[in-house]
Amino acid sequence: MAGKGKRGTDIEKSVLINNFEKRGWIQVTENEDWNFYWMSVQTIRNVFSVETGYRLSDDQIVNHFPNHYELTRKDLMVKNIKRYRKELEKEGSPLAEKDENGKYLYLDFVPVTYMLPADYNLFVEEFRKSPSSTWIMKPCGKAQGKGIFLINKLSQIKKWSRDSKTSSFVTQSTKEAYVISLYINNPLLIGGRKFDLRLYVLVSTYRPLRCYMYKLGFCRFCTVKYTPSTSELDNMFVHLTNVAIQKHGEDYNHIHGGKWTVSNLRLYLESTRGKEVTSKLFDEIHWIIVQSLKAVAPVMNNDKHCFECYGYDIIIDDKLKPWLIEVNASPSLTSSTANDRILKYNLINDTLNIAVPNGEIPDCKWNKSPPKEVLGNYEILYDEELAQGDGADRELRSRQGQSQGPKGGRSRDSGRTVLTTWK
């Protein structure tokens, strides 16, 4: 080892600091030379800003891609996925095949979504097809459930229509942009409660795309039993799984934090729905994640100094269909329980082992292909270099479940290297 790495962070969380100290990295301030910096998304903007940014050297790495927001802003994620579908359709790819109603057979994994105020008229047209449906509105640039509300009447968003007619620049200047999505009103319930999945995905490079799935994800449960009743549309303890919201509920449990491990969910589903359909569900979740990353890869600034650990939020409906809700650039490192603290410490440890091999001073020119023994709880989800030569038709066959790899192994048949089961 050439010397102790110098590290900085503007996120003072114990799970980060303890991992830095374990590696013997020397703490420095932002104005000193550093090798590794764990940054907030606000700081990364400054680092790569044309006006205020600076050139990173080969021995410096950071934890965000410059334009990560192409995936992690709610409106841009949907825009990129829509563009990706259209491109595949234009190419005549079988992945873009549709059913008789015009729905994508294999790429229908985000709820119908519009941007407001820009897409207001398109939204109204869709709303009138099913006037009894419920929609969920979210500000594009916020997290932790802030600013979210449900609507089931057009009168509830008339102001968005008025604003959109005022100025074509209203989104950027005077009114915060929102997305409005068809609400998944038939979520899979356990114990009568709605939940979602928080899954961690590490991307070491976008070109070629190489990503890893963390095996120790978890479910986040609501504290109040679910009801689709319109009288409870304003009750966020029924509808939003964010811990930042649920921890204020009367029934919040501070011991388990309303969380369940993904392995427990898998065992529950295998016992109640069967192993085959459970394996299919998790294969579909992996498919969703890989396709979302493929959708943004062409527009992502694949800076060699960067890696990123994303927090994927997935909801499963009562037909065991998974839906991608959003992707977080800075998944919470706050520990709500003892188990949470252990999980997040290990997550950061395993992430650093891949991003900064052996804890040494980084060299961003390395090939970003760590040996299997350093992956810890990560498993390779997709490796574009290994997948070269596999075409879309083979990917489609795997998607349809016709080319499964060995149980507990991986399917290389799909134009991807994807886990076929979680242990």
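In short, a report on the structure. All residue numbers refer to position in the chain's written sequence, counted from 1. In view of the model being predicted, local features appear only for residues whose pLDDT reaches at least 70, and side-chain atom pairs are presented and counted only at 80 or more, with totals across whole chains, interfaces and linings using the full set of residues. By convention in this description, side-chain values take in all heavy atoms of the structure and omit both hydrogens and water.

All right, on to the packing of helix 4 (residues 74-90) against helix 11 (residues 275-296) then. Angular values range over 0 to 180 degrees, each being the angle between N-to-C directions of two axes fitted as lines to C-alpha atoms, with helices fitted over their stretch in contact. Think of it this way: any DSSP run of H or I at least four residues long counts as a helix, any run of E at least two long counts as a strand, and we number them from the N terminus. At a minimum axis separation of 8 Å, helix 4 and helix 11 run at an interaxial angle of 90 degrees. By the angle between their axes, helix 4 is roughly perpendicular relative to helix 11. Here Asn80, Ile81, Arg83 and Tyr84 of helix 4 come into contact with helix 11, specifically with Gln291, Ser292, Lys294, Ala295 and Val296. Only Asp, Glu, Lys and Arg are considered charged, only Ala, Val, Leu, Ile, Met, Phe, Trp, Tyr, Cys and Pro nonpolar, and every remaining residue, Gly among them, polar. Among the residues forming the contact of helix 4 with helix 11, the class breakdown is four nonpolar, three polar and two charged. When an angle is under 35 degrees it counts as roughly parallel; over 145 it counts as roughly antiparallel; between 65 and 115 it counts as roughly perpendicular; any other value is oblique. The contact criterion used is simple: two residues touch if any of their non-hydrogen atoms lie within 4.5 Å.

Our next topic: the packing of aromatic side chains. We call Phe, Tyr and Trp rings a pair once their centres come within 6.5 Å, taking the six-membered ring for Trp, and we label the pair stacked below 30 degrees between planes, edge-to-face above 60, and tilted otherwise. Enumeration over the complete set of coordinates arrives at 21 aromatic pairs. Centroid distance phenylalanine 123 to phenylalanine 127: 5.7 Å. Interplanar angle 55 degrees. Geometry classified as tilted. Pair noted here: phenylalanine 123 and phenylalanine 127 are both in helix 5 (residues 120-129), with a separation of four residues, about one helical turn. One exposure class covers both phenylalanine 123 and phenylalanine 127, and it is buried. Taken together through their ring pairs, the aromatic side chains of Phe20, Trp25, Phe36, Trp38 and Phe307 make up a single cluster. Here the basic side chain of arginine 23 rests over the ring of tryptophan 25, its NZ or CZ set 6.0 Å away from the ring centre. Buried, partly exposed and exposed residues are distinguished by accessible area as a fraction of the type maximum, computed with a 1.4 Å probe on protein chains only: under 20%, between the cut-offs, and over 50%, respectively. Two conditions define a charge sitting above a ring: the NZ of Lys or the CZ of Arg must be within 6 Å of the ring centre, and it must be within 35 degrees of the ring normal.

Looking at the element boundaries, glutamate 32 is found in the loop between strand 2 (26-27) and strand 3 (36-38). Its relative accessible area of 40% is what places glutamate 32 among the partly exposed residues. Sequence separation of glutamate 32 and lysine 6 is 26 residues, and the distance between their C-alpha atoms is 9.1 Å. By the criterion applied in these results, polar contacts are pairs of N or O atoms within 3.5 Å in which, for protein atoms, one can donate a hydrogen and the other can accept it, and in which residues neighboring in sequence qualify only through two side-chain atoms. In this structure the side chain of glutamate 32 is engaged in a polar contact, spanning 2.9 Å, whose partner is the backbone nitrogen of threonine 29.

Note on definitions: salt bridges are taken to be side-chain nitrogens of Lys or Arg within 4 Å of carboxyl oxygens of Asp or Glu. Scanning all chains against the criterion turns up 16 salt bridges. Linking arginine 83 and glutamate 87 is a salt bridge whose minimum nitrogen-to-oxygen distance equals 3.2 Å. Pair noted here: arginine 83 and glutamate 87 are both in helix 4, with a separation of four residues, about one helical turn. What makes arginine 83 partly exposed here is its relative accessible area of 24%. Taking the shortest distance from any N to any O, the salt bridge between arginine 220 and aspartate 313 comes out at 3.3 Å. Of the two residues, arginine 220 sits in strand 12 (residues 218-221) while aspartate 313 sits in strand 14 (residues 308-316), which places them 93 residues apart along the sequence. Residue arginine 220 is classed as buried on the basis of its relative accessible area of 9%. Via salt bridges that share partners, Asp196, Arg198, Arg220 and Asp313 belong to a single interconnected network.

On to the sheet that holds strand 4 (residues 61-62), then. Consider a sheet: its strands pair through backbone hydrogen bonds, and that pairing is either parallel or antiparallel. In this scheme, strands are said to pair when DSSP sees at least two bridges between them. A sheet is described by the order of its strands in space; here four strands give the open sequence 2-1-3-4, paired in parallel fashion. The open sheet has two edge strands with one neighbour each: strand 2 and strand 4. As defined by bridge partners, strand 1 (residues 6-9) adjoins strand 3 across three bridges and the pair is classed as parallel. Paired with arginine 7 across the bridge in strand 3 is phenylalanine 36. Strand contacts of helix 1 (residues 14-22): strand 1 and strand 3, with the helix running at about 175 degrees to strand 1, the strand carrying the most contacts.

Moving on: helix 4. For a helix, the expected span equals 1.5 Å multiplied by the residue count minus one. With 17 residues, helix 4 extends 25 Å between its outermost C-alpha atoms, agreeing within 8% with the 24 Å of an ideal straight helix rising 1.5 Å per residue. Those residues of helix 4 lying buried are Lys74, Asp75, Leu76, Met77, Val78, Asn80, Ile81, Tyr84, Arg85 and Leu88. Looking at the buried side of helix 4, the elements it contacts are helix 3 (69-72), strand 5 (113-116), strand 6 (135-139), strand 8 (178-182), helix 11 and strand 15 (322-328). Of the residues trailing helix 4, glycine 92 is marked for its positive phi of about 75 degrees.

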